[in-house]
Amino acid sequence: MRSTSFSQLVKKDLLKNFEEVEAGLTKQEASEEANRCLYCYDAPCITACPTGINIPSFIKKIASGNLKGSAKTIMSANPVGASCARVCPTEELCEGACVLNHSTKPIMIGNLQRYATDWAMQNEQTFFEANPSNGKSVAIVGGGPAGLSAARELGRIGYSVTIFEAEENAGGLNTYGIVSFRLPKAISYWEVEQVKKLNVDIRTNTRVGKDISIEEILGNYDSILLAIGMSNVPDLGIVGEDLEGVYDAIEFVKETKTKPLTDEFIGKKVAVIGAGNTAIDAATCSVRLGAANVKILYRRSLEEMTAYEFEYEFAKQDGVEFRWLTAPKQIIGDETGKVTGLECIEMVLGEPGEDGRCRPIPVEGSEFILEVDHVIKAIGQSRYVELIEQFGLNHDNGVVQINPGTYQTSNKKVFACGDVIFGNGQGEAMVVSAAQQGKESAYAIHQAFSSAIVETA
Ligand code: SF4
């Protein structure tokens, strides 16, 4: 039986191999695993899933050979359920809650979810239809997991939905931000197609505030949903960031999904700054691009790392080294402007700050130089503050303020969901949470219209 980890990775085949790392379950494996499920009453796995997928129900359908029904159960609850089958931290969610953790081992819920949705993709299934138009229009700014999820639900209800997407393709993080060997683009594209089939108009290559004005959006639609996610990696604020060989991790990963693979990393030394999900993706991409040595530098320790445990294990299996309590001080270049080294400083952890996390403090005189050819910045993402302000919305450092019950912003016509509201205690930055927020904000928009109709009557 296959493991849910990446333990089967074959290292010798890594170079330029961006094929999906883990093979899906075979028919027999899926059947055996589905038949191990106890189909619990009040199943804790359902409660642990942010989108509330009826997990015992979809597993039972696999056991009985009803793969169409199984995939429909998954996709009903989660419009990006095929992507989530691959990228969800299942150990911390559904599988972590499975009752079989107490006796044998949890059901491979993620792998079974993938089995059913893969079948649906391969068999070109369409699950949902749009209701007749209710005469109302909604503009969704951003076609990532949150925007697509909202569009799917609004389209089903009967709204005329238009998504404005700045990139060439919709899908957001699932299309561009998660490495191909964990989430191939085809999976994300299939989910986008499911949404398009509900007559949702997806206008790609359309940047709101540039290709279409804010006034036009505010004036031409009955309601607006802001699902713009987050932007690029912020600057480190050190000398040398403009040197050749310094990359933004988000852009770096995107290039591996959209352009021919480069030879620039073959035999090179790479330092990745940061230890979140994108840092792991950038480091493991570097290995596959042929880097001779890849180090992740993090100013805190293993305990504070925001990458998931399975990502950490995956990176270690790829040979990525971790340097804890290490911060960059300056990037060093040669006379041609290319990176040659990275001056670092050791840190110790001090008292917790306002966010509850221990603050890293530099150790005076502990500076040292690492020889590197490339530096990849992966210290989080900045926010689209300018766009939020163009919409005139109240925000807190780029985190749009909403009424948590209604997803309404300071402008009652404008709703917001996904990463743009993540932070300051609102939500969690997971694809599956964004999907759920997309659904909830769609229902909130519908509720707002329904209440208005009742009030007017
Ligand atoms: Fe099946 Fe585990 Fe969920 Fe129970 S908790 S229904 S055994 S997956």
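Since the model is a prediction, treat every value here as computed from it, not as a measurement.

### Remarks on the overall build of the protein
Item 1. In terms of regular secondary structure, the protein is built from 16 helices and 16 strands.
Item 2. For the protein, the C-alpha radius of gyration of 23 Å lies close to 23 Å, the compact-globule estimate for 457 residues.
Item 3. Counting only C-alpha atoms, the protein reaches 75 × 55 × 45 Å along its principal axes.
Item 4. Classification of the 457 residues of the protein by burial places 54% in the buried group.
Item 5. Contacts in the protein between residues at least 24 apart in sequence constitute 70% of all its contacts with a sequence separation of at least 6.
Item 6. Here the protein has roughly 20200 Å² of accessible surface; of this, 48% comes from carbon and sulfur atoms.
Item 7. Where the 43 positive side-chain charges of the protein centre and where its 60 negative ones centre are 6 Å apart.

### Details of the pattern of salt bridges
Item 1. Counted under the stated rule, the structure contains 21 salt bridges.
Item 2. Put simply, Glu153 and Arg152 hold a salt bridge, and the shortest N to O gap is 2.8 Å. Each member of the pair, Glu153 as well as Arg152, is classed as buried.
Item 3. Of the charged contacts in the structure, one is a salt bridge between Arg182 and Glu311, with a shortest N-O distance of 3.2 Å. Of the two residues, Arg182 is situated in the loop between helix 9 (173–177) and helix 10 (185–196) and Glu311 in helix 14 (residues 309–317); the sequence distance between them amounts to 129 residues.
Item 4. Residue Glu311 is classed as buried on the basis of its relative accessible area of 2%.
Item 5. Taken together, the shared-partner salt bridges connect Glu20, Arg86, Arg114 and Asp118 into one network.

### Looking at the domain arrangement of the protein
Item 1. Here the domain parsing of the protein yields domain 1 (21–122), domain 2 (137–231 + 383–456) and domain 3 (246–377).
Item 2. Averaged C-alpha coordinates put domain 1 and domain 3 at centres separated by 34 Å.
Item 3. Taken together, the contact between domain 1 and domain 3 spans six residues of the former and four residues of the latter.
Item 4. Roughly 350 Å² of surface becomes buried between domain 1 and domain 3 when both sides are summed, with 68% attributable to carbon and sulfur atoms.
Item 5. Considering only the surface of domain 1 that becomes buried against domain 3, Val21, Pro89 and Glu92 emerge as the three largest contributors, covering 69% of it.
Item 6. Between domain 1 and domain 3 we count zero residue pairs in polar contact (both at pLDDT 80 or more) in total.
Item 7. Counted by class, the side of domain 1 that touches domain 3 contains four nonpolar, no polar and two charged residues.

### Let's talk about helix 7 (residues 109–122)
Item 1. Between its first and last C-alpha atoms helix 7 spans 20 Å; for 14 residues at 1.5 Å apiece the expected length is 20 Å, and the two agree.
Item 2. Across the 14 residues that make up helix 7, a large majority, twelve, are buried.
Item 3. If you check which residues of helix 7 are buried, you get Ile109, Gly110, Asn111, Leu112, Gln113, Arg114, Tyr115, Ala116, Thr117, Asp118, Ala120 and Met121.
Item 4. Phi for Glu124, located one or two positions after helix 7, is positive at around 45°.

### Concerning the site of the ligand
Item 1. Surrounding the ligand, one finds Cys37, Leu38, Tyr39, Cys40, Ala43, Pro44, Cys45, Pro56, Cys98, Val99, Ile107 and Ile109.
Item 2. For the shell around the ligand, the residue count by class is twelve nonpolar, no polar and no charged.

### Quick notes on the packing of helix 1 (residues 27–36) against helix 3 (residues 55–63)
Item 1. At a minimum axis distance of 8 Å, the contact between helix 1 and helix 3 shows a crossing angle of 130°. When the axis of helix 1 is compared with that of helix 3, the two are oblique. Considering how the two elements wind past one another, helix 1 and helix 3 form a crossing that is left-handed. Taking contact as the criterion, the partners of Ala30, Ala34 and Asn35 in helix 1 are, on helix 3, Ile59, Ile62 and Ala63.
Item 2. In the contact of helix 1 with helix 3, the residues fall into five nonpolar, one polar and no charged.

### As for the pairing of strand 12 (residues 368–371)
Item 1. Alternating residues of strand 12 divide into Phe368 and Leu370, all buried, and Ile369 and Glu371, none buried.
Item 2. The pairing of strand 10 (residues 339–352) with strand 12 spans four bridges and is antiparallel. By the bridge assignment, Cys344 is partnered in strand 12 with Phe368.

Cut-offs used in this document
Counting from 1, residues in each chain are numbered in the order their sequence is written. Residues qualify for local features only when their pLDDT is at least 70, as the model is predicted, and side-chain atom pairs are given and counted only at 80 or more; totals for whole chains, interfaces and linings, by contrast, use all residues. Computation of side-chain values covers all heavy atoms of the structure but excludes hydrogens and water. Numbering of helices and strands runs from the N terminus, with a helix taken as a DSSP run of H or I at least four residues long and a strand as a DSSP run of E at least two residues long. Put simply, the radius of gyration uses C-alpha atoms, and a globule should come to 2.2 Å times the residue count raised to 0.38. Exposure is judged per residue with a 1.4 Å probe applied to protein chains only, and the accessible area is read against the type maximum: over 50% gives exposed, under 20% gives buried, and values in between give partly exposed. Pairs of residues are marked as contacts when any of their non-hydrogen atoms sit within 4.5 Å. The Shrake-Rupley method, run with a 1.4 Å probe sphere, supplies the accessible areas, and residue values consider only the shown protein chains as cover. Positive: Lys, Arg. Negative: Asp, Glu. His and the chain ends are not part of the count. In this description, the location of a charge corresponds to atom NZ of lysine, CZ of arginine, CG of aspartate or CD of glutamate. Between Lys or Arg on one side and Asp or Glu on the other, a salt bridge is scored when a side-chain nitrogen of the former is within 4 Å of a carboxyl oxygen of the latter. Delimitation of the domains relies on an automatic or database domain assignment. Buried area: the accessible area, evaluated with a 1.4 Å probe, that two parts lose upon being put together, summed over both parts. For this analysis, a polar contact is any N or O atom pair within 3.5 Å, provided that within protein one partner can donate a hydrogen and the other can accept it, and provided that sequence-adjacent residues contribute only side-chain to side-chain pairs. Put simply, Ala, Val, Leu, Ile, Met, Phe, Trp, Tyr, Cys and Pro go in the nonpolar bin, Asp, Glu, Lys and Arg in the charged bin, and everything else, Gly too, in the polar bin. Any helix carries an expected span of 1.5 Å times its number of residues minus one. Whether a residue is near a molecule or strand depends on its heavy atoms: if one lies within 4 Å, it is near. Lines fitted to C-alpha atoms define the axes here, with helix axes fitted over just the stretch in contact, and angles between the N-to-C directions of these axes take values from 0 to 180 degrees. In these notes the angle categories are as follows: under 35 degrees is roughly parallel, over 145 is roughly antiparallel, 65 to 115 is roughly perpendicular, and the rest is oblique. Helix crossings fall into two classes, left-handed where the near helix is turned counterclockwise from the far one by less than a right angle and right-handed where it is turned clockwise. At least two bridges found by DSSP between two strands is the condition for calling them paired.

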